[in-house]
Amino acid sequence: MTASRAHRRGPSPSPQHDAVVLPRTHPSLVRTTVPAHPSRAAGVRDMVVEHLTPLRLPSECLDNAVLATDELFVNAVRHGSPGPRDTITVTLEHLGRELRVTVADRSSALPRARDTGGAEESGRGLAIVAALTDDWGIAPADPGTTGKKVWFTLALRGMP
C-alpha cells in the first residue's frame, strides 16, 4: 500500500470474527494490562515478539505487527490515558492466518488521523498503522468500562 493511500484510508468498523482453535503451544489469545507509561512500551513489544515468534513468520510480517502495536500503545499513553494510575490493555488474537491486536485505554476521545507536514515530529502513528496493516478501526470499550479500543488486523503471510 502506498503512503498516500494510507493517509486516505480511515478506520473501519469493528468486524466480528470466529476464533479458530489452535494447538495449546500457540495460544489464540494473549492479553496484558500495563500502567499507561512510556517505559512499558518495550515490554509490550516483547510480548508481541514472544507470542508471534513460534509461528515462524517472515521477519517483515513480525516487524509490522510489532511496530503497529507499538504505535497504538504510544498513542494510548500519549492521548488516551490522562490519569497517573491509568492502565492500557493490549490484546493479541491469533485467528487462523490473521492477527488482531487491540489496544484499550480509558479515554473516550476518538483518535483521528492527521495530515502532517514533513517537518513535524509526531502525528504519524495512525498513518503508520494504516500502511503496515490490512485494516484498523475503533471500537467501544467493553461493557461496564470507560474508554475505547483501537485495533488492527494483519494477515499472517508466509506461515508454514
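Given the structure is predicted, the values throughout are model-derived calculations rather than measurements. (Residues numbered from 1 in each chain as written. Predicted model: local features only at pLDDT ≥ 70, side-chain atom pairs only at ≥ 80, totals over all residues. Heavy atoms only, no water.)

Trainee: What am I meant to see in the sheet that holds strand 1 (residues 29–35) here?
Mentor: Backbone hydrogen bonds hold the strands of a sheet together, and the pairing may be parallel or antiparallel. One open sheet holds the five strands; their spatial order is 1-2-3-5-4, and the pairing between them is antiparallel. The open sheet has two free edges, formed respectively by strand 1 and strand 4 (135–140), since each of these has just one partner strand. Sheet twist, expressed as the average angle between the axes of neighbouring strands with direction ignored, equals 15 degrees. Pairing geometry for strand 2 (residues 87–95) and strand 3 (residues 98–105), over seven bridges, is antiparallel. Each residue of the ladder has a partner; that of L95, found in strand 3, is E98. Docked against the sheet, helix 2 (residues 41–52) engages strand 1, strand 2 and strand 3, running at close to 15 degrees with respect to strand 2. (Pairing = 2+ DSSP bridges. Helix = DSSP H or I, 4+ residues; strand = E, 2+ residues; numbered from the N terminus. Axes fitted to C-alpha atoms, helices over the stretch in contact; angles between N-to-C directions. Contact = heavy atoms within 4.5 Å.)

Trainee: Honestly, the packing of helix 3 (residues 59–79) against helix 4 (residues 125–132) in this entry has me stumped. Any pointers?
Mentor: Describing two packed helices takes the angle between their axes plus the distance from one axis to the other. Contact geometry of helix 3 with helix 4 gives a least axis separation of 9 Å together with a crossing angle of 155 degrees. As far as their axial angle goes, helix 4 and helix 3 are roughly antiparallel. In terms of crossing hand, the pair formed by helix 3 and helix 4 is left-handed. Contacts between helix 3 and helix 4 pair N64, L67, A68, E71, L72 and N75 from the former with G125, L126, I128, V129 and L132 from the latter. (Parallel < 35°, antiparallel > 145°, perpendicular 65-115°, else oblique. Left-handed = near helix turned anticlockwise from the far one by under 90°.)

Trainee: So what exactly am I meant to see when it comes to unusual backbone geometry here?
Mentor: Among all residues except glycine, the phi angle is most often negative; among peptide bonds, the trans geometry is most common. In this structure, R56 is a non-glycine residue whose phi angle is positive, near 55 degrees. Among the structural elements, R56 can be located in the loop between helix 2 and helix 3.

Trainee: Could you clarify how one ought to interpret the pattern of salt bridges in this entry?
Mentor: Side chains carrying opposite charge are able to pair once their charged atoms draw close together. Overall, the coordinates contain four salt bridges when judged by the stated rule. E93 serves as the salt-bridge partner of R100, at 3.8 Å between the closest nitrogen and oxygen. Given the relative accessible area of 8%, R100 is considered buried. A salt bridge links K148 to D105, with the shortest nitrogen-to-oxygen separation between them at 2.8 Å. Pair noted here: K148 is in strand 5 (residues 148–155) and D105 is in strand 3, with a separation of 43 residues, a long-range link. For K148, a relative accessible area of 4% translates into the label buried. (Salt bridge = Lys/Arg side-chain N within 4 Å of Asp/Glu carboxyl O. Buried < 20%, exposed > 50% of the residue type's maximum accessible area, 1.4 Å probe, protein only.)

Trainee: Would you mind going over the packing of helix 2 against helix 3 with me for this structure?
Mentor: Relative orientation of the contacting elements helix 2 and helix 3 amounts to 150 degrees, with a least axis distance of 9 Å. Put simply, helix 2 runs roughly antiparallel to helix 3. In the packing of helix 2 onto helix 3, the handedness of the crossing is right-handed. Of helix 3, the residues touching helix 2 (which contributes A41, V44, R45, V48, V49 and L52) are L62, A65, V66, T69, D70 and F73. Of the residues belonging to the contact of helix 2 with helix 3, the class tally is nine nonpolar, one polar and two charged. (Nonpolar A, V, L, I, M, F, W, Y, C, P; charged D, E, K, R; others polar.)

Trainee: Before we go on, may I ask you to explain the nonpolar core in this structure?
Mentor: Membership of the largest hydrophobic core comes to 34 residues, with the highest contact counts inside it found for L52, F73, I88, V90, L92 and F152. Per-element tally for this core: the top contributor is helix 3, with nine residues. (Core = buried A, V, L, I, M, F, W, Y, C linked by side-chain atoms within 4.5 Å.)

Trainee: Can you help me understand the pairing of strand 3 in this one?
Mentor: In the case of a regular strand, side chains alternate between the two sheet surfaces. By the criterion of burial, strand 3 is predominantly enclosed, with six of the eight residues buried. Joining the antiparallel neighbours strand 2 and strand 3 is a turn of two residues, in which G96 adopts a positive phi near 65 degrees. When strand 3 meets strand 5, the two strands line up antiparallel, connected through eight bridges. Pairing of E98 across the sheet is with A155, part of strand 5.

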